[in-house]
Amino acid sequence: MSRLLPLPVVVPLLGAALSLLLAGRPRLQRTISVLCLSGTLTVAVLLLVQAYRYGPVVVAVGAWPAPVGIVLVADQLAALMLVVSSAVTLCVLLYSIGQGRSDTSESSPVSIFHPTYLVLTAGVTNAFLAGDLFNLFVGFEILLAASFVLITLGGTETRIRTGSTYVVVSILSSMIFLTSVGLVYAATGTLNLAQLAQRLDDLPGGVRLTLELMLLLGFAIKAAVFPLSAWLPDSYPTAPAPVTAVFAGLLTKVGVYAIIRTETLLFPGGRADVLLMVVAGLTMVIGILGAVAQSDLKRLFSFTLVSHIGYMIFGVALSTAAGLSGAIFYVVHHITIQTTLFLVAGLVEERAGSTDLRRIGGLARVAPLLGVLFFVPAMNLAGVPPFSGFLGKLGLLQAGVAAGGPLPGVLVAAGTLTSLLTLYVASRVWNIAFWRAPRLATSEPVVRLPRLMVGATVVLVALGLALTVLAGPLFDVTADAAADLRLRTPYVRAVLPGGVP
């Protein structure tokens, strides 16, 4: 099984190269992209089954054993993230194909989109599988380089302006991360995560805390944790719908994944828990208050994206098995649901000609299927029973109550308030865009939505419902993953079977 481990990184990269060579043949490009991502999803499922049954899967790249060489590691957390991200990127790709992009399209040329999208996928998978800090940095840089191209597709004034902000913020976070990597190596003499788990404990407390805070700062910018999230609502909404959807679903979650990985494996003990709890609460509340004030659907969803990152950080900050399990479950839920909502926003724009809530209305009457596609994930995001959003939030809130203390209690209240305000926001969008009488945009001639766009969105809505039906087995996986993360020994022994100090 270890021979399959490099494929989620290698296959998209090879597909990107081949797709670039076939820049003048969009049909072949689409075929290559679909085959590559389908293969990646298949391998990811196999790796998850293997990791769940037998423990982490490890491969030494170039046959150089750890800690000298680069290792790729698929434990239960990494494999689960790999499965969800592969399924989402495949659905978004199909949505993009359905949107009918061509080489002559001003907004998203296919000759650029497909190879860049595959490179982005390779960066995401590499980040999830990275077994050392520098390879994690490389994964981030691969996906960021691709995202710079995707967010400015078409070269319009608005996309260049907002894309410039995104580029500057991304470079800043990468500089902080790279500086942190250098400091970690200077202090420990290694970047291998398993070996760092052994060596960081021997450092003086002040040095260890400084390294932890430096890494957290770099990851918090990438994850859009308040107050480092102001860049996101201005950057994401201007990109094409498929790009916005995959950014919202995945890129911030790679930052959250890095926080989970480093806080559990490298810095156990909870020294930064109070700080994480404070920023988690602020992220939840201020993010959703920003959503309440929005009149554009894409910006509104961007603020809900920021807000619900706070739930995941809350789970990590509790430093308990229940909190960590809830955080992992919520990451899986949020990747699926937030991506779906941005795809729905793209369908609304395609059908109504706008995402401005002041210009649209009556969509439930003229496009009832579109109303269903919005209503189900919106209620899921709001945490209405019995959806997976409710189950994930319930798990996190129960973990907060079980942890005890005033600060977890405040966060339980903040999480409950955020959930209620999310329900208010979802209801407001439904009433304005779908229920009230048609406005200017929807009074124009009917636009038939491409079947593949609708089909890809339906699949993601169904996947969100599947998370509800399969919540029990999924919680079993997340609980096992959380237990292994807290133990640390399964990961360390898989990477360093000889116990290298």
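Here the structure is shown first, and the text comes after it.
Being a predicted model, the structure only gives us computed values, none of them experimental.

(A) Here's a closer look at a nonpolar patch on the surface. The grouping of Val274, Val278, Leu282 and Ile286 at the surface amounts to a nonpolar patch, some 310 Å² of accessible area in total. Assignment of secondary structure puts Val274 in helix α11 (residues 273–292).

(B) Highlighting the nonpolar core. If you look at the biggest cluster of nonpolar residues, it comprises 178 residues, and the most contacted ones within it are Phe247 and Phe434. Ranked by residues supplied to this core, first place goes to helix α13 (residues 321–352) with 17 residues. Contacts of Phe247, omitting those with residues within four sequence positions, involve Leu120, Ser147, Leu150, Ile151, Tyr166, Tyr236 and Thr252.

(C) Summary view of the packing of aromatic side chains. The full count for this structure, using the stated rule, is 21 aromatic pairs. Aromatic side chains Phe128 and Tyr257 sit 5.0 Å apart centroid to centroid with 80° between the ring planes, which places their arrangement in the edge-to-face category. One end of the pair, Phe128, is in helix α4 (residues 110–129); the other, Tyr257, is in helix α10 (residues 241–265), and 129 residues separate them in sequence. Residue Phe128 is classed as buried on the basis of its relative accessible area of 0%. A relative accessible area of 4% means that Tyr257 is categorised as buried. When the centroid spacing of 5.8 Å and the interplanar angle of 70° are considered together, the rings of Phe301 and Phe342 count as edge-to-face. Here Phe301 is found in helix α12 (residues 297–318), whereas its partner Phe342 is found in helix α13, with 41 residues between them in sequence. Residue classification places Phe301 among the buried residues on the basis of a relative accessible area of 4%. Through successive ring pairs, a cluster of aromatic residues spans Phe301, Phe342, Phe374, Phe375, Trp430, Phe434 and Trp435.

(D) Quick peek at the packing of α12 against helix α17 (residues 406–435). At their nearest, the axes of α12 and α17 sit 11 Å apart, and the two run at 160° to each other. Classed by the angle they form, the pair α12 and α17 counts as roughly antiparallel. For the pair α12 and α17, the sense of crossing is left-handed. Two secondary-structure elements touch here, α12 through Leu297, Leu300, Ser307, His308, Tyr311, Phe314 and Leu318 and α17 through Pro408, Leu411, Val412, Gly415, Thr418, Ser419, Thr422, Val425, Arg428 and Val429. Here the residues of the contact of α12 with α17 sort into ten nonpolar, six polar and one charged.

So, how was this worked out
Residues numbered from 1 in each chain as written. Predicted model: local features only at pLDDT ≥ 70, side-chain atom pairs only at ≥ 80, totals over all residues. Heavy atoms only, no water. Patch = residues over 30% accessible without salt bridge, like charges linked within 9 Å, V, L, I, M, F, W, Y side chains within 5 Å. Areas by Shrake-Rupley, 256 points an atom, 1.4 Å probe, with all protein chains shown as cover. Salt bridge = Lys/Arg side-chain N within 4 Å of Asp/Glu carboxyl O. Helix = DSSP H or I, 4+ residues; strand = E, 2+ residues; numbered from the N terminus. Core = buried A, V, L, I, M, F, W, Y, C linked by side-chain atoms within 4.5 Å. Buried < 20%, exposed > 50% of the residue type's maximum accessible area, 1.4 Å probe, protein only. Contact = heavy atoms within 4.5 Å. Phe/Tyr/Trp six-rings, centres within 6.5 Å; stacked < 30°, edge-to-face > 60°. Axes fitted to C-alpha atoms, helices over the stretch in contact; angles between N-to-C directions. Parallel < 35°, antiparallel > 145°, perpendicular 65-115°, else oblique. Left-handed = near helix turned anticlockwise from the far one by under 90°. Nonpolar A, V, L, I, M, F, W, Y, C, P; charged D, E, K, R; others polar.

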